[in-house]
Amino acid sequence: MNDNNKHKLQAIRQLTDTTYVLEMERGGMDFKPGQHILLGYNGDIHKREYSIYSGTGDEKLEVLIKEVEDGLVSKHLRQLEKGTLLEVEGPLGFFAIEPELIRQKRKFLFIASGTGIAPFRSMVRSYPGLDYTILHGVKYAHEAYDKKSYNPDRYILCTSRDNGGDFHGRVTEYIRQHDFDKDAICYFCGNFNMIRDAMRLLEEKGIPAEHLHAEVYF
Ligand SMILES: Cc1cc2nc3c(=O)[nH]c(=O)nc-3n(C[C@H](O)[C@H](O)[C@H](O)COP(=O)(O)OP(=O)(O)OC[C@H]3O[C@@H](n4cnc5c(N)ncnc54)[C@H](O)[C@@H]3O)c2cc1C
């Protein structure tokens, strides 16, 4: 782990009114797809966790951030100028795929709400040939962040407030109405309620608890 590394901000790529990708120098950081960093503005004591959005083969380090209303850090980072030094701690966490499972060519089911798609983009970019399906739950279809990063046959957009996605309704409703491969290894990321409900549903459908892995954002 590299403590308190300074990484220069290279660009901010706005994806929606409130969501952006922050691109910074990678500074030689080695990480496992799925891990997160603690990120803050140099000199500010406040730092927050953000999943790494870029892949292990990418030159820059990226995170996907949603501005939280009245949020201290997520709004502030958006205002920073190119060239600003960011403070990064990490990589951190154990939300990652065991390399042995990839060698075994297992099927992976990724279930995300909102910016919870971030660690899965890193996994998909880092492991070419991964046998995955992503269920991405958002409110509106324009929140399908960087949708082109995924194989369209493997990406299912569930929209709860418009019908511009592949499925109109929450991810949990999609799970209720569909069958899943019982051997799939499942990873959940995003808000706690979605993860709790989706896990329960998949367990009821016969997926063993030891195949369920979660990263809770809030
Ligand atoms: C392991 C981990 C990884 C994370 N990765 C990401 C990531 O890749 N992208 C990302 O955008 N966020 C991510 N988060 C959430 C992030 O760390 C911050 O909590 C978020 O950016 C809010 O920080 P803030 O300082 O702006 O808000 P604060 O001033 O800390 O206010 C926090 C309030 O916002 C709520 N909140 C936090 N996140 C959200 C959200 N997305 N939508 C609505 N309410 C929210 C909290 O419950 C709390 O009530 C992650 C959290 C964890 C624990």
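Residues numbered from 1 in each chain as written. Predicted model: local features only at pLDDT ≥ 70, side-chain atom pairs only at ≥ 80, totals over all residues.

**Thoughts on the overall build of the chain**
In terms of regular secondary structure, the chain is built from five helices and 12 strands. Over its C-alpha atoms the chain spans a radius of gyration of 17 Å, differing by no more than 12% from the 17 Å that the globule rule assigns to 218 residues. Buried positions account for 39% of the 218 residues belonging to the chain. Taking all contacts inside the chain whose residues are at least 6 apart in sequence as the whole, residues at least 24 apart take part in 62%. (Helix = DSSP H or I, 4+ residues; strand = E, 2+ residues; numbered from the N terminus. Rg over C-alpha atoms; globule rule 2.2 N^0.38 Å. Buried ≥ 20, exposed ≤ 12 C-beta atoms within 10 Å, placed from the backbone. Contact = placed C-beta atoms within 7 Å.)

**A short note on the sheet that holds strand β7 (residues 107-113)**
Sheets are built from strands that pair by backbone hydrogen bonding, the pairs being arranged parallel or antiparallel. Strand order in the open sheet formed by six strands is β10-β9-β8-β7-β11-β12, and the pairing between neighbours is parallel. Among the strands making up the open sheet, the edge pair consists of β10 (167-168) and β12 (212-216). Pairing of β7 with strand β11 (residues 185-190) involves five bridges; the strand directions are parallel. Residue pairing in the sheet places Leu109 in a bridge with Cys186 of β11. (Pairing = 2+ DSSP bridges.)

**Observations concerning the environment of Arg161**
Looking at the secondary structure, you find Arg161 in the loop between β9 (155-159) and β10. Leaving out residues up to four positions away in the same chain, Arg161 has contacts with Lys139 and Tyr140.

**Quick look at the site of the ligand**
Around the ligand, a shell composed of 21 residues is seen, among which Glu49, Gly71, Val73, Ser74 and Phe218 lie nearest. Breaking the shell around the ligand down by element, the ones donating at least two residues are β4 (48-51), β5 (60-66) and α1 (73-78). Built from parts of two domains, the shell around the ligand gets at least three residues from each of domain 1 (2-92) and domain 2 (99-216). (Near = placed C-beta within 6 Å. Domains from an automatic or database assignment.)

**Notes on the domain arrangement of the chain**
Segmentation of the chain into domains returns domain 1 (2-92) and domain 2 (99-216). The partner domain 2 presents 13 residues to the 17 residues of domain 1 that form the contact. Element by element, the count of residues in the side of domain 1 that touches domain 2 is highest for β5, at four residues. Considering only residue class, the side of domain 1 that touches domain 2 consists of seven nonpolar, eight polar and two charged. (Nonpolar A, V, L, I, M, F, W, Y, C, P; charged D, E, K, R; others polar.)

**A word on the pairing of β11**
In terms of burial, β11 is a largely internal element, six of the six residues being buried. Here β11 shows a buried face lined by Ile185, Tyr187 and Cys189 and a second buried face lined by Cys186, Phe188 and Gly190. Of the strand pairs in this sheet, β11 and β12 are connected by five bridges, and their pairing is parallel. Its bridge partner being in β12, Gly190 is matched across the sheet by Val216.

**Here we look at helix α3 (residues 118-126)**
Across the nine residues of α3, eight count as buried, placing the element largely inside the fold. Of all the positions in α3, only Ala118, Pro119, Phe120, Arg121, Ser122, Met123, Val124 and Ser126 are classed as buried. Its buried side turned inward, α3 meets β4, β5, β7, β8 (131-138), β11 and β12.

**Considerations on helix α5 (residues 192-204)**
Along its 13 residues, α5 runs 18 Å from first to last C-alpha, staying within 8% of the 18 Å computed at 1.5 Å per residue. Every buried residue belonging to α5 is among Met194, Ile195, Ala198 and Leu202, and all of these are buried. With its buried residues spanning 95 degrees around the axis, α5 presents them on a single face. Opposite the buried face of α5, at more than 90 degrees from it, the exposed residues are Asn193 and Glu204. (Expected span 1.5 Å × (residues − 1). Arc of directions from axis to C-beta.)

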